[in-house]
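Understanding the architecture of this molecule
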Amino acid sequence: MIKLTQIKKSYGRHQVLKGIDLSVEQGEVVAILGPSGSGKTTLLRCMNYLERPSEGEITIDGFTVNCKRPSKSDIHALRKKSAMVFQQYNLFRHKTALENVMEGLVIVQKVPKEQARKQSIELLEKVGLGNKLDSYPSQLSGGQQQRVGIARALALNPKVILFDEPTSSLDPELVGEVLAVIRKIAKEGITMIIVTHEMGFAQEVAGHVIFIDDGTIVESGTPDELFNSPKEERTKQFLKRFTPDGTYSI
Amino acid sequence: MKIDLQFIWTALIELLSVVPTTLAITAVSMLCGLAIGIVVALIRRYRVPVLNSVAASYVTFIRGTPMLTHLLIIYFGLPVIIDSLAVQFGWSFRSVSIPMIGFAYISFSITAGAYLSEVVRSGLQAVEKGQLEAAYSIGMTTRQAMGRIVFPQAFAIILPSLSNSTISMLHGSTLVFTVSVVDINAKSQIIASSNWKFFEAYIAAAIIYWGITILIERLSALLEKRINIYNRGGVT
């Protein structure tokens, strides 16, 4: 479904990704963990070309882009395979919740407006915002905005949804509602890649967990393997700071 | 000194006939200037090779020279260029058939374009990067993302500056008297000199300019309120 081969990315002399190989099966939920600055968000953003990898190959749903010299149409085609949920939500500020969700359907996928509207309303109801259709992002709480963001991503019916720390900028009391929505769609068999700091959530929802540090994959495996019997010293160190219930111990 | 209030009124009525001229110069220059400004801002944002340095030179040269100088250079230079081209290519068109106001349109559009390109650039920069990324992430092309997501927000941001520029252009348009276009200011001079009531005639012109300015301010405020509806905030 998704295959990354030797993805490298440098900013000037600083190499952020040092050759990442990764493959994700259809319907799999993958959590990417790692300390700040480890390159996990960069890796995720490379998958839809919001960051340009310096080298490597990306394949999503049978479409391959060679990162050496991709054409504009390659990048565009690759982006259409995925959707992204952002840390800062990034809802279109001048559009209502409903318009945010409809935008991709109408403009990119050319779905007739009425049908797009119906689909979008259903999705917003699914994320529990059926009563906020006409609200602008500035009128919604962080948790609500992020749920609109998830509905916007779902609307495109993408092959994979990329979550970039979806709860990191939320108040603790709003994290729950967003995680509940992600949990719900994870059960529907949509392929998802989630960069997160929510250890407990990763353990619960992901089928596969990857630990990244310093631009390389240190360890990967099932949540049980990684959380309960990590092999690498670096992984153990990192996980030590989190207690099993997902809260921090300092 | 005695003020002839009656004459101010008379002058005011007479001046109304040339209000369309002033408005046309202001509107055409601002609209064409905005179009130039958008193109220049995009060239500079995407650092289009060659054009980028041309655009940068254009902006610094035009902003570094007075609007009156632009008008005079266009007025005296453009006919020479057009006529020599016409001879060379055998066109029947000659510069004398360009109406005087045409020079004002061209020159002021060039002036406004330079200033507005900076306004547009600041607006584009003020739109969060995440907006463009979100547009890309749902599969939009750059054109769609700019047209539907970035520009509408940038426009809302620069609206106050645009209204400012429009008012500047309204007042700057008085320079057209140098190329014998009769606008409000020129007309007030004509009225004044034929009646020897300079003070009254200029007061009348000032009142009209002020009135138009207030109108622009009101319109802009209305538009701003409407366009910025999404920024009002407050959880519903």
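Located above this text is the structure these notes cover.
Residues numbered from 1 in each chain as written. Chains lettered and ligands numbered in written order. Predicted model: local features only at pLDDT ≥ 70, side-chain atom pairs only at ≥ 80, totals over all residues. Heavy atoms only, no water.

Remarks on the sheet that holds strand β10 (residues 216–221) of chain A
Residues and elements named next belong to chain A. Pairing in this open sheet of 6 strands is mixed, and the strands run β6-β7-β8-β3-β9-β10 from one edge to the other. Whereas interior strands pair on both sides, the edge strands pair on one side only; in this sheet they are β6 (82–85) and β10. When strand polarity is set aside, the average angle formed by the axes of neighbouring strands in this sheet is 20 degrees. As paired strands, strand β3 (residues 29–33) and strand β8 (residues 191–195) are joined by 4 bridges and run parallel to one another. Pairing of Ile32 across the sheet is with Val195, part of β8. With respect to the sheet, helix α9 (residues 233–240) is in contact with β3, β9 (208–213) and β10, its orientation differing from that of β9 by roughly 100 degrees. (Pairing = 2+ DSSP bridges. Helix = DSSP H or I, 4+ residues; strand = E, 2+ residues; numbered from the N terminus. Axes fitted to C-alpha atoms, helices over the stretch in contact; angles between N-to-C directions. Contact = heavy atoms within 4.5 Å.)

Focus on the side chain of Ser220(B)
Within the secondary structure layout, Ser220(B) lies in helix α9 (residues 198–227). Ignoring any residue separated from it by four or fewer positions in sequence, one finds Ser220(B) in contact with Leu159(B) and Ser163(B).

Looking at the sheet that holds strand β5 (residues 63–66) of chain A
Residues and elements named next belong to chain A. Taken together, the 4 strands give an open sheet; going across it, the order is β2-β1-β4-β5, and neighbouring strands pair in antiparallel fashion. Strand pairing shows two members of the sheet lacking a second neighbour, β2 (14–24) and β5, which therefore form its edges. The average angle at which neighbouring strand axes cross in this sheet is 20 degrees, direction not considered. Two strands pair when backbone bridges link them, and strand β4 (residues 55–60) and β5 are joined in this way by 4 bridges, in the antiparallel orientation. From the neighbouring strand, Glu57 faces β5, where its bridge partner is Asn66.

Examining the nonpolar core
Soluble, globular proteins show a tendency: their nonpolar side chains are buried together. The biggest cluster of nonpolar side chains holds 123 residues, and the ones touching the most others in it are Leu124(A) and Ile193(A). Aside from chain neighbours lying at most four places away, what touches Leu124(A) is Ala97(A), Leu98(A), Val101(A), Leu129(A), Gly130(A), Leu133(A), Val148(A) and Ala151(A). Phe7(B), Ala11(B), Leu170(B) and Ile216(B) belong to the second-largest nonpolar core, a separate cluster that totals 17 residues. (Core = buried A, V, L, I, M, F, W, Y, C linked by side-chain atoms within 4.5 Å. Buried < 20%, exposed > 50% of the residue type's maximum accessible area, 1.4 Å probe, protein only.)

A few points about helix α8 (residues 184–195) of chain B
Residue and element names in this part refer to chain B. End to end, α8 covers 17 Å across 12 residues, agreeing with the expected 16 Å (1.5 Å per residue, within 8%). Where α8 is concerned, the buried positions are Ile184, Asn185, Ala186, Ser188, Ile191 and Ala192. Against the buried residues of α8 lie α1 (5–15), α2 (19–45) and α9. Positive backbone phi, approximately 60 degrees, marks Trp196, located one or two places after α8. (Expected span 1.5 Å × (residues − 1).)

Here's the deal with the packing of α2(B) against helix α7 (residues 142–172) of chain B
All names here are of chain B. Between α2 and α7, the shortest axis-to-axis distance is 11 Å and the interhelical angle comes to 135 degrees. In terms of axis orientation, α2 runs oblique to α7. In this structure, α2 crosses over α7, and the sense of that crossing is right-handed. Contact with α2, carried on its side by Thr22, Thr26, Ser29, Met30, Leu34, Ile38, Leu42 and Arg45, involves Met146, Phe151, Leu162, Ser165, Thr166, Met169 and Leu170 of α7 and no other residues of that element. The class makeup of the residues in the contact of α2 with α7 is 9 nonpolar, 5 polar and 1 charged. (Parallel < 35°, antiparallel > 145°, perpendicular 65-115°, else oblique. Left-handed = near helix turned anticlockwise from the far one by under 90°. Nonpolar A, V, L, I, M, F, W, Y, C, P; charged D, E, K, R; others polar.)

Comments concerning the packing of helix α3 (residues 97–108) of chain A against α7(B)
Contact geometry for α3(A) and α7(B): axes closest at 13 Å, N-to-C directions at 140 degrees. With respect to α7(B), the element α3(A) is oriented oblique. The handedness of the crossing between α3(A) and α7(B) comes out as right-handed. Only Gln144(B), Arg148(B) and Ile149(B) of α7(B) make contact with α3(A), whose side of the interface consists of Glu103(A), Ile107(A) and Val108(A). Looking at the contact of α3(A) with α7(B) residue by residue, the class counts come to 3 nonpolar, 1 polar and 2 charged.

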